[in-house]
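So the chains spell out like this:
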Amino acid sequence: MKTSILKMTLAGLALGVASSASVALADTADKKIALSNNYAGNSWRQAMLTSWDKVTGKAVSDGVVAAADAFTTAENQATEQAAQIQNMILQGYDAIVINAASPTALNGSVKEACDAGIVVVSFDGIVTEPCAWRIAVDFKQMGKDQLTYLAEKMPDGGNLLEIRGLAGVFVDDEISSGIHEGAKENAQFKIAGSVHGNWAQDVSQKAVAGILPSLPEIAAVVTQGGDGYGAAQAFKAAGRPTPLIIMGNRHDELTWWKEQKDANGYETMSVSIAPGVSTLAFWVAQMILDGKEVPHDLTVPFLRIDQDNLEANLETTQAGGVANVEYSQSDAAAVVAK
Amino acid sequence: MSTFLVKLREQPWLWAFVGTIAMWLATSLVTGAQGSGQVLSAAFSFATFFVIVAIGQMFVITLGPGNVDLSIPACMTLAGTVAMKLMAGSDGMILVGLLAAIGCGFAVGIFNFALIRLLSIPPIIATLSASFLIQSSAIAYNRGLRVKPPAALAEFTTTRIGGIPVLAIAVMLLAIVMHIVLTRTVYGRSVLAIGQNSKAAFLAGIRVERIRFATYVLSAVFAATCGYFLAGFSGGAALNMGEEYLLASIAVVVIGGSSVAGGYSNVPGLWGAALFLFLMVTMLNTFGASAGLRLIMTGLIIIVVITLAGGRKR
């Protein structure tokens with residue numbers, strides 16, 4: 001009787017909340033989950049893999065799943081990753097979690113996996129194949145949010161310098177289109193220059209140093225993450241006043257921000273995706289294997305750092321790493337419920 | 001005067017400098033006189049790093065067809081990572097860090113050549129596969145965490161005298177030394193001879209394999225040194241810090257007027273080409289050109305340079 005009342009109450013709520021009420025069922029104890037990752041060559045991806053190891057390692061030792069192995073391709077090529085997924089199908093994994101090299105090029109392999117009865121969950125670098133689940137980042141919004149913040153901070157507007165990521169990559173196009181859309185809506189801002197920093201501090205520093213002499217006074221720098229510190233160095237080397245630079249949650253960026261804040265009250269904000277999103281994808285895969293209803297399209301919340309919580313975030317960020325959040329099973333259930 | 005001009009026109013490095021000046025003037029149209037000085041100063045800052053790796057790459061390419069070092073980015077990353085972690089931001093350890101970086105370079109060079117010589121793997125495949133191992137070592141060593149360089153090293157790499165970075169002056173001196181090494185020493189002449197005809201060089205009594213060994217080690221040591229200074233310059237070593245130096249190191253050698261087929265090389269062109277590559281990107285950025293156009297231009301320019309250079313020689 002009691003349980004049926006509970007069930008009735010829960011039925012009124014979103015399905016995901018219902019599933020959070022019955023977490024840690026042992027139904028998935030014999031299930032094997034694999035991570036197919038396309039790239040590991042930067043600090044964000046390293047943190048992503050570390051989080052995966054930490055959270056899934058515990059899940060395996062707790063008996064929630066039988067295995068959660070991580071595999072990374074060497075060359076960041078879609079063809080190589082497609083072959084890797086085919087191997088995983090043959091190895092008999094029950095679910096494959098993917099950070100994909102391309103949104104479309106893996107669809108064939110993903111479809112094969114689905115046809116073999118394997119649950120496929122893609123995150124960050126998502127795949128468009130309908131049978132897969134997607135934990136997408138609203139990169140466009142991430143770009144737009146920067147302009148929203150700037151419009152509040154600088155009602156008079158000014159010139160912007162845009163630092164983009166790696167040319168030809170989906171994420172770069174999305175963030176940039178969000179930034180340009182935001183600039184259109186807030187006409188007091190003008191994008192005076194745009195360079196590609198490849199999400200690397202040294203490349204950004206170089207690109208900004210090159211274009212700076214041709215630019216008028218810059219009020220703010222809009223970025224994509226991993227480029228804010230390099231931009232700050234370039235402004236300093238050119239002897240120009242430091243503009244408001246949006247940061248991307250890297251430890252060196254946050255440290256620099258803190259130094260400036262202490263020295264002269266410098267204000268900015270920092271936004272990026274927590275590398276721990278891999279653990280969200282893991283729990284989503286586990287929930288699907290557990291027979292839960294999970295919508296095929298989910299969105300990851302941004303990890304945003306502002307003036308007042310800078311110190312707290314800096315403290316929890318590993319020196320030289322990226323600000324991170326790891327998901328627990330109930331955190332994941334809450335995201336699904338949204 | 002006219003003989004001087006004729007002689008000048010024959011210099012293979014000429015086109016790189018002509019291109020550099022053209023790009024600089026084009027950029028100056030937008031930046032004005034004061035800005036153009038700053039552009040040049042920035043160009044020297046960043047071209048320096050290209051030149052260091054390109055000198056090593058040039059010696060390897062000079063050895064003749066099939067010789068190329070694709071492990072440069074990984075070697076830079078490993079050396080930068082090891083040195084930064086070892087120094088842990090302490091000024092007293094700067095020399096130790098430099099020695100550690102150079103040590104990494106030696107290890108990488110020896111390993112590369114061991115694959116090439118002992119296992120008879122072609123250099124392209126040997127250095128590429130070695131780079132996976134080296135990159136993985138760098139990842140395993142510090143998991144991509146960015147350790148700040150010692151303050152004095154960061155200061156040194158960014159200091160300028162009269163607008164010219166100190167590091168650039170040092171690398172210009174290095175380039176002069178390496179020019180003399182290439183053209184005036186037994187080692188340099190041997191590298192050129194092997195590149196022109198390795199059988200003839202062998203019959204002439206040159207110890208071909210020893211020279212090749214020294215050259216691969218030289219390239220790796222230069223890459224490691226570059227990784228060390230680049231990490232100092234940009235606030236720490238990152239796992240992807242060497243990425244753009246793979247194609248750039250080859251492009252700088254080729255645009256600088258060295259023969260891709262080996263045997264004919266020159267050092268001055270490296271500076272011309274490195275400045276040219278930086279200024280071209282700067283010019284296109286200044287004019288607001290897209291990344292796609294930039295890549296197309298880079299490709300076209302390499303084709304034009306090879307055609308121009310190839311039309312004249314031999």
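Residues numbered from 1 in each chain as written. Chains lettered and ligands numbered in written order. Predicted model: local features only at pLDDT ≥ 70, side-chain atom pairs only at ≥ 80, totals over all residues. Heavy atoms only, no water.

Undergrad: Looking at this model, I keep getting lost on the state of the cysteines. Mind explaining?
TA: Disulfide: a covalent bond formed between the sulfur atoms of two cysteine residues. Scanning the model with the defined rule gives one disulfide over all chains in all. Disulfide pairing places Cys114(A) opposite Cys131(A) at an S-S distance of 2.0 Å. Here Cys114(A) and Cys131(A) share a disulfide; its torsion about the S-S bond, 80°, makes the bridge right-handed. Of this pair, Cys114(A) sits in helix H5 (residues 107–115) while Cys131(A) sits in the loop between strand E4 (119–123) and strand E5 (133–136), and the two are 17 residues apart along the sequence. For Cys114(A), a relative accessible area of 18% puts it in the buried group. The structure places no disulfide on Cys75(B), whose sulfur is separated from the nearest cysteine sulfur, that of Cys104(B), by 7.3 Å. Given a relative accessible area of 11%, Cys104(B) falls into the buried group. (Disulfide = S-S within 2.5 Å. Helix = DSSP H or I, 4+ residues; strand = E, 2+ residues; numbered from the N terminus. Buried < 20%, exposed > 50% of the residue type's maximum accessible area, 1.4 Å probe, protein only.)

Undergrad: Looking at this structure, how should I read the sheet that holds strand E3 (residues 95–99) of chain A?
TA: Adjacent strands of a sheet form backbone hydrogen bonds with each other and so pair up, either parallel or antiparallel. Residues and elements named next belong to chain A. The sheet built from six strands is open, its strands ordered E2-E1-E3-E4-E5-E11 with parallel pairing. Only two strands of the sheet have a single partner each, and these edge strands are strand E2 (67–72) and strand E11 (297–299). Along the sheet, successive strands turn relative to each other by an average axial angle of 15°, direction set aside. Relative to E3, strand E1 (residues 32–37) runs parallel, the two sharing five bridges. Within E3, the position partnered with Leu35 by the bridge is Val97. Against the sheet, helix H11 (residues 277–289) touches E1, E2, E3, E4, E5 and E11, its axis set at about 160° to E4. (Pairing = 2+ DSSP bridges. Axes fitted to C-alpha atoms, helices over the stretch in contact; angles between N-to-C directions. Contact = heavy atoms within 4.5 Å.)

Undergrad: I keep staring at the pattern of salt bridges and nothing clicks. Help me out?
TA: For side chains of opposite charge, pairing can occur when their charged atoms come near one another. Residues and elements named next belong to chain A. Per the counting criterion, the structure on display carries 20 salt bridges over all chains. One salt bridge connects Lys58 with Asp62, and the closest N-O pair in it is separated by 2.9 Å. You can call Asp62 partly exposed: its relative accessible area is 48%. What emerges from the salt-bridge pattern is a single network uniting Lys140, Lys144, Glu181 and Glu185. (Salt bridge = Lys/Arg side-chain N within 4 Å of Asp/Glu carboxyl O.)

Undergrad: So what exactly am I meant to see when it comes to the nonpolar core here?
TA: Taken as a class, soluble globular proteins show a tendency for nonpolar side chains to be buried jointly. Counting residues in each nonpolar core, the largest one holds 124 residues, and the members touching the most others are Val208(A), Phe59(B) and Trp271(B). Sort the elements by how many residues they give to this core and helix H2 (residues 14–62) of chain B lands first, with 20 residues. When sequence neighbours within four positions are dropped, the list of residues in contact with Val208(A) reads Leu161(A), Ile163(A), Val195(A), Ala231(A), Ala234(A) and Phe235(A). Membership of the second largest hydrophobic core comes to 59 residues, among which are Ala68(A), Ala95(A), Trp283(A) and Val284(A). (Core = buried A, V, L, I, M, F, W, Y, C linked by side-chain atoms within 4.5 Å.)

Purely geometric stuff here, so don't read any function into it on its own.
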